[in-house]
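The primary structure of each chain is shown beneath.
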Amino acid sequence: MDNKWSHDGGLEKNRFLSVKKWKRAIFSSFVEVSRMQSTITNTPSLRIAIIGQSPFAVDVMQRLRQHGHVIVGVFTILDKGPREDPLAKVAREYDIPLFKVKAWRKSGTPLPEVLANYRSVNADLNVLPYCSQFIPMEVINYPRLKTICYHPSLLPRHRGASSINWTLICGDKKAGFSVFWADDGLDTGPILLQEECDVYENDTVDSLYNRFLYPAGVTALARAVDLVADGTAPRQPQSDKGATYDPMLTKPELLKVDWGKTGRELHDFIRGMDSVPGALCRVKLNDEYHEIALFGSSLWKQGKPTGSEIEVEGGPNGLIHDDGLILTGSDGTLVNVKRVKIEGRVKLASKLLQTGQQVTIELTQDEKLQIEAMRSIWEAILNVEIEDETDFFASGAGSMDVVRLVEEIKDLLKIEDFQNEDVFLSAVFTEFSLNAILKKRGGETPQEINYRAVEIETNGRKIKFPCQLFINGEFIDAENGKTLPTINPTTEETICEVQCGSPQDVDRAVQAAKKAFEEGEWSKISARDRGQLLFKLADLMHQHREELATIESIDSGAVYTLALKTHIGMSIETWRYFAGWADKIQGSTIPVSHARPNKNLSFTKKEPIGVCGLITPWNYPLMMLSWKMAACLAAGNTVIIKPAQVCPLTALKFAELSVKAGIPPGVINVVPGTGSMTGQAIASHPEIRKLGFTGSTEIGQVIMKTCAESNLKKVSLELGGKSPLVIFADCDLDKAVRLGMQSVFFNKGENCIAAGRLFVEESIHDEFIRRVVSETKKITIGDPLNKSTSHGPQNHLAHLTKLLEYVKMGVKEGAKLEYGGERLNRKGYFLQPTIFSHVEDNMFIAKEESFGPIMVISKFSNGDIDGVLKRANATEYGLASGVFTRDLSKAMKFAEKVEAGTVFVNTYNKTDVAAPFGGFKQSGFGKDLGQDALNEYLKTKCVTIEY
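> Please clarify how the overall build of the protein chain should be interpreted in this entry.
A tally of regular secondary structure across the protein chain gives 30 helices and 40 strands. Once the C-alpha set of the protein chain is aligned to its principal axes, its extents read approximately 110 × 75 × 65 Å. Residues counted as buried form 55% of the 947 residues belonging to the protein chain. A separation of at least 24 residues holds for 70% of the contacts in the protein chain among residues at least 6 apart in sequence.

Right, dumping it as structure tokens:
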């Protein structure tokens, strides 16, 4: 019997047959258990011999075992070097008798040793899922139930070894497979069962196999065996009508493009050769004709693009353009080809005319070891010694070898986005290994990102960051050349001049974001791949965390240790959290009334909004960017962000890292500038569909009005606060003092949820103040880069001036200044931590937010929980709140009655990336963080179907 993938060979009995008696006993027990399972399911259990190879055969074997059949022997090919076929490996793991066959016959006669070893397993039925060897009829007819075989075509059409290729080349509208009874012909035995599927316009051999022929084939073979076991398996003779035997596609003349074909026929021919062996034609490059193989074909249904013509031997001129190579059929129909293979190298067809040298990169020791591990993988697959210039395909690799290589590289390097195309485009070992390392690093190219860098030596390291706008993946100057100074609040010196975006720059960024959303790679990749890119970005942020924390310190005055832990640390956590959400965004099905006699189905889809604008504040520059942008991108949107005018540097460094992570151009755009010009241009732009803003309530009102008047864009606002912290006498006073101080002085008081007013129960009021003042005096104020510093400078001069005025107002209205309230006599924008007591409800400092290190303490009567709740809620703000008490009932009543988006009980400032964050009343609406944040950047579409 000549199976469709056949060659001659001999036999080597596998040494694994020399097993211990206890292993044989286990196998015998499994046989008995399988028979019992089969009895329970009313399907007779058969003794099966599997003859073949490949992962397909493995899955068939596994499915047969699940159906209660017993695999009594596996006959497969010899090892390729140190690697054995997947079927052999799994059979050995299950302790199934295993024979590795080199050849089944010699000079047309079966080898006696073959037959002896085959007959020793005493099979009821042979199953050939995928077999590349000639199996003699003495084996085919030996079992009492004979042999069934899988063939990937609808027999009698496309008999032969290249059946899937010919299904596509002939333009068949249906593809499928046949399970037939093997006979002495060439795929001519009676049909047991067949299944078919539609052929899609751009199907290739790989896509047909992976989508239908493989998974449905596994199921069908198991069902066929069950039918044989039940005695109900059909034997339908094959008809001669429509029968074809197609030649194996190994001869060069069969691979050449016939330019007399129509465009559709040309497309069918090219895709029928994809991924191997490849349709061939000759094109003129540098005045000489070169043979190229064509891959990635599709019918071009748009107008003829602009590009460079290239001469095609025997056919119409081709056209190289941004998206490939256009070829023309005899009827004028255009066909686009994405990839070509020339001189043994696969490259993008759009770059066929380009020449360039491979870029060398400096490898770490670990990367050098990984390259040697890759060399070993190649050697195991190809069974040859691998030199730097070894070509994977020239060494005999086929499509299954590509799949195996991709999976092994993904396992080795722990990367998920390595694809078959990466092998085709880098078939030479040096190029392949370099590109794999670059994928592992998180970037597609080794070139440095070009920008005008600011380089500073500080905090024991050299830091480098951009100072230009970041639009469409490039750092560029503002359209009008305007810049803004960025000041170090510790030294009061200018760090650098940063480009200031104009409305024209904003529009340019919006157009880039719109193109990326509608046409770019971002719109094409899967949600899971999108999540992987965000994970890469988080990893790069982690690698650069010390540099980011240093930039944050010199730009915003954040204490370095706090910046490292919170400003940068929580930013990284945020990106990782939302990266995990990317492929878990889903809609729901909804039961609706039917339009009788028909039925209806309604379901919802969660879709990205489109181009989003973000405007972030200066207190946590990178963290506020991350809180909003991570959810925005995880949902699939693209974005333009205006970081705070006074501290934009970490946003620009982040943009640089986003390029290295492989985020496509246009997805992230960073446009520093003023609120009145750049921010207003974002809020009013008609093609931005969503705006997220964090800042003051006054500016939030302006933003909301602008969003409504421009294009009614969706908006979320995180605005001002005057968060109450209530401390009852029954609390843990030590803890209340410690966390009460943190609630006010954390991050120099520049904290949106800072406790703007502390209500302390009368019986502990004086003691609380005494302890707070005593502990506040111990706070170390100074250079934020000094590891012993716990309190740095205020963010910028205008804010420091505002805080000093706030202190004066408190004193003027009669509040008691217990401590601080003065600017330190040193360079920098330093304010002493400040404590006010005896603050009455009608005072300015009792009602308005300071956004600085100013503690405002009011007293409330013992036991008056209703009264203090009324006073806590007597504000237009509702961002956060807190309570300290040992009484759970008291805490629960407070949590229920207080009008705030966040409630802390016996803690404060305890935010987490998984917990939603946002306010009530004039503190805004919408949520950052947690699953709720995703909804801010999604729209819900309802689809109703009648059937």
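> Help me understand the side chain of Lys410, please; the structure alone is not making it clear to me.
Structurally, the position occupied by Lys410 is in helix α12 (residues 399-413). Here Lys410 falls in the buried class, since its relative accessible area comes to 17%. Filtering out sequence-adjacent residues up to four positions away, Lys410 remains in contact with Ile415, Glu416 and Phe418.

> Can you walk me through the sheet that holds strand β40 (residues 938-946) in this structure?
Picture the strands of a sheet paired through backbone hydrogen bonds; they go either parallel or antiparallel. With antiparallel pairing, the 3 strands of this open sheet are ordered in space as β23-β24-β40. Where the open sheet ends on each side, the last strands, each with one partner, are β23 (589-590) and β40.

> Explain the sheet that holds strand β1 (residues 47-51) to me, please; I cannot follow it from the model alone.
Read across the open sheet, the 7 strands follow the order β3-β2-β1-β6-β7-β8-β9; overall the sheet is mixed. Looking at which strands have only one partner, the edges of the open sheet turn out to be β3 (98-101) and β9 (191-198). The sheet shows a mean angle of 15 degrees between the axes of neighbouring strands, taken without regard to direction. Sheet topology note: the β1/strand β6 (residues 125-128) ladder contains 3 bridges and is parallel. The residue of β6 that forms the bridge with Ala49 is Asn126. Docked against the sheet, helix α2 (residues 54-66) engages β1, β2 (70-77), β6 and β7 (147-151), running at close to 175 degrees with respect to β2.

> Please explain empty space enclosed by the protein as it appears in this structure.
If a probe as big as a water molecule is rolled over the atoms, it shows which places are left empty. Applying the stated criterion across every chain yields a total of 6 cavities of 30 Å³ or more. The volume enclosed by the largest cavity comes to roughly 110 Å³. For the largest cavity, the lining is made up of 16 residues, of which Ala754, Gly756, Glu849, Ser850 and Phe851 are closest to its centre. Of all the secondary structure elements, the ones that give two or more residues to the lining of the largest cavity are β31 (755-761) and β34 (854-860). Classifying every residue of the lining of the largest cavity by side-chain character gives 7 nonpolar, 7 polar and 2 charged.

> Can you help me understand the nonpolar core in this one?
Within soluble globular proteins, side chains that are nonpolar generally end up buried alongside one another. Counting 102 residues, the largest nonpolar core has Trp575, Phe578, Met629, Ile668 and Ile727 as the members making the most contacts within it. No other element matches helix α20 (residues 621-634), which puts 11 residues into this core. If near-sequence neighbours (up to four positions away) are discounted, Ile668 is found in contact with Phe470, Met629, Leu633, Val639, Phe654, Ser658 and Ile663.

Definitions and limits used
Residues numbered from 1 in each chain as written. Predicted model: local features only at pLDDT ≥ 70, side-chain atom pairs only at ≥ 80, totals over all residues. Heavy atoms only, no water. Helix = DSSP H or I, 4+ residues; strand = E, 2+ residues; numbered from the N terminus. Buried < 20%, exposed > 50% of the residue type's maximum accessible area, 1.4 Å probe, protein only. Contact = heavy atoms within 4.5 Å. Pairing = 2+ DSSP bridges. Axes fitted to C-alpha atoms, helices over the stretch in contact; angles between N-to-C directions. 1 Å grid on protein atoms, 1.4 Å probe; cavity = no way out; pocket = protein on both sides within 12 Å on 5 of 7 lines; lining within 4 Å. Points joined across faces, edges and corners; volume = space filled by probe spheres on them. Nonpolar A, V, L, I, M, F, W, Y, C, P; charged D, E, K, R; others polar. Core = buried A, V, L, I, M, F, W, Y, C linked by side-chain atoms within 4.5 Å.

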